[in-house]
Every structure is written in C-alpha cells, then in structure tokens.
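Examination of the molecular architecture
Residue-level listing of the chains:
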Amino acid sequence: MFNICYTTIERRKKEEIAVKKCRLTIITSVDGQETEFSTEGELVLSVKESCVRYCQDGSVVELCMQGETARIKRFGDYSLFLELRRGERTKGRLGIGGSEGEIEVDTHKVAYSQSKDSFLAVLHYDLLIGVERQKMKLRILARKEAKTQR
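Scope of this entry: the structure provided in the associated data block.

When you go through the protein residue by residue, the secondary structure sums to zero helices and ten strands. Listing the helices and strands of the protein from first to last along the sequence gives β-β-β-β-β-β-β-β-β-β. Excluding contacts between residues fewer than 6 apart, the proportion of contacts in the protein whose partners are at least 24 apart in sequence is 39%. Just so you have it, the protein exposes about 9,200 Å², and 49% of that area is on carbon and sulfur atoms.

Structure representation (structure tokens):
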C-alpha cells in the first residue's frame, strides 16, 4: 500500500542498499519526562548512512546516522533540522507557525548499532533556545517486520 506521508522526503535510490518496513519504538525524554511511541516506518540501510523514517502526528520524521554524526529532520506540524556531533555545539533550525529560527544543540552522546534486520540509535543532547536549555534523550529501536504467511 502506498503511504503518501513518505513522499515528502526525497529518496536517493542509487545509494540505498535496502529499504525495509519496520516496527519502531521511540522513547523520548524531555527534561526527565519520558514518553514512548510505537509506529510502523522504514529502515533504510545504505553505503553512506543508516536511517529510519516514520510518521508522527501527521509529520514525517527522519533520523540518519553516519559515524558519530546524527541528523534529525521533521516536516509537518512544525519543521526541525538538527545535526548532532558528539562533544560539539551545532546550529539547527526550528519552524513553528510560519516562523523559523536558529537553535543550538550541545551533543553529549551519539551511538547506534545495526544488523541486517534491526537498528538502535541513542542520542543525548541539550536544545538551546534563547536562554532556555532543554535536556533531551532519544532512543529509537527499529526491527524489520516479519513476513506474514498466507
């Protein structure tokens, strides 16, 4: 079945090794308050990077990992672009209600592991928005969906 939510993100077919449907568990901690979200998505394994893509609240979210760098993109109810590099302060973009601004990110941990059928990413970082600091922890587990027999 075609899912229009995924057509928003450009695919680079030449570089992709495998795109697999997967079951995602996303655990987010914002200033110590933890939430868990499960959904279906895509696990994209390529020569250059490993990514997960999913929809949340009508938005498309993509997390890509390459070495000690992570990129988070979100398009929909709000837009977000973050590039996280362990031990560095980087700049990102946040757009809400037609306004867009720059934010900074202090990254403490960027870790991931993958196999042919699963992917685990763990990110610890602080979002700096003006004078506010928001402590973030993100853990994403993607597992390839089992084929159903008929």
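After presenting the structure, the write-up continues.
Here we come to the packing of aromatic side chains. Under the criterion given, the structure shown has two aromatic pairs. Each ring, one from Phe37 and one from Tyr54, has its centre 6.4 Å from the other, and the planes form 45°; the classification is tilted. Linking Phe37 in strand β2 (residues 33-46) with Tyr54 in strand β3 (residues 50-56), this pair joins segments that are 17 residues apart in sequence. For Phe37, a relative accessible area of 25% translates into the label partly exposed. Ring centres 6.0 Å apart and planes at 40° place the aromatic pair Tyr112 and Phe119 in the tilted group. With relative accessibility at 1%, the residue Phe119 sits in the buried group.

Right, let's talk about the state of the cysteines for a bit. What the rule picks out here adds up to one disulfide. Across a sulfur-sulfur distance of 2.2 Å, Cys51 and Cys64 are joined as a disulfide pair. On the sign convention where negative is left-handed, the bridge of Cys51 and Cys64, at about 110° about the S-S bond, is right-handed. Of this pair, Cys51 sits in strand β3 while Cys64 sits in strand β4 (residues 59-66), and the two are 13 residues apart along the sequence. Considered together, Cys51 and Cys64 belong to a single accessibility category, that of buried residues.

By secondary structure assignment, the location of Thr90 is in strand β7 (residues 89-96). In contact with Thr90, not counting residues within four places along its chain, are Glu83, Leu84, Arg85, Ile103, Glu104 and Val105. In this structure the side chain of Thr90 is engaged in a polar contact, spanning 2.5 Å, whose partner is the backbone oxygen of Glu83.

This part covers the environment of Glu104. Structurally, Glu104 is set in strand β8 (residues 99-114). In this structure, the C-alpha to C-alpha distance between Glu104 and Gly130, residues 26 residues apart in sequence, is 8.8 Å. Not counting residues up to four positions away in its chain, the partners in contact with Glu104 are Arg89, Thr90, Lys91, Asp126, Leu127 and Leu128. In this structure the side chain of Glu104 is engaged in a polar contact, spanning 3.2 Å, whose partner is the side chain of Lys91.

The phi dihedral of Asp31 falls on the positive side, at around 50°, and the residue is not glycine. Taking relative accessible area as the criterion, Asp31 reaches 44% and is therefore assigned partly exposed. At Asp57, a residue that is not glycine, the phi angle is positive and equals roughly 55°. Examined against the element boundaries, Asp57 turns out to sit in the loop between β3 and β4. Overall, the relative accessible area of 66% leaves Asp57 in the exposed class.

The rules behind each value
- Residues numbered from 1 in each chain as written.
- Predicted model: local features only at pLDDT ≥ 70, side-chain atom pairs only at ≥ 80, totals over all residues.
- Heavy atoms only, no water.
- Helix = DSSP H or I, 4+ residues; strand = E, 2+ residues; numbered from the N terminus.
- Contact = heavy atoms within 4.5 Å.
- Areas by Shrake-Rupley, 256 points an atom, 1.4 Å probe, with all protein chains shown as cover.
- Phe/Tyr/Trp six-rings, centres within 6.5 Å; stacked < 30°, edge-to-face > 60°.
- Buried < 20%, exposed > 50% of the residue type's maximum accessible area, 1.4 Å probe, protein only.
- Disulfide = S-S within 2.5 Å.
- Polar contact = N/O pair within 3.5 Å; in protein donor to acceptor, adjacent residues only side chain to side chain.

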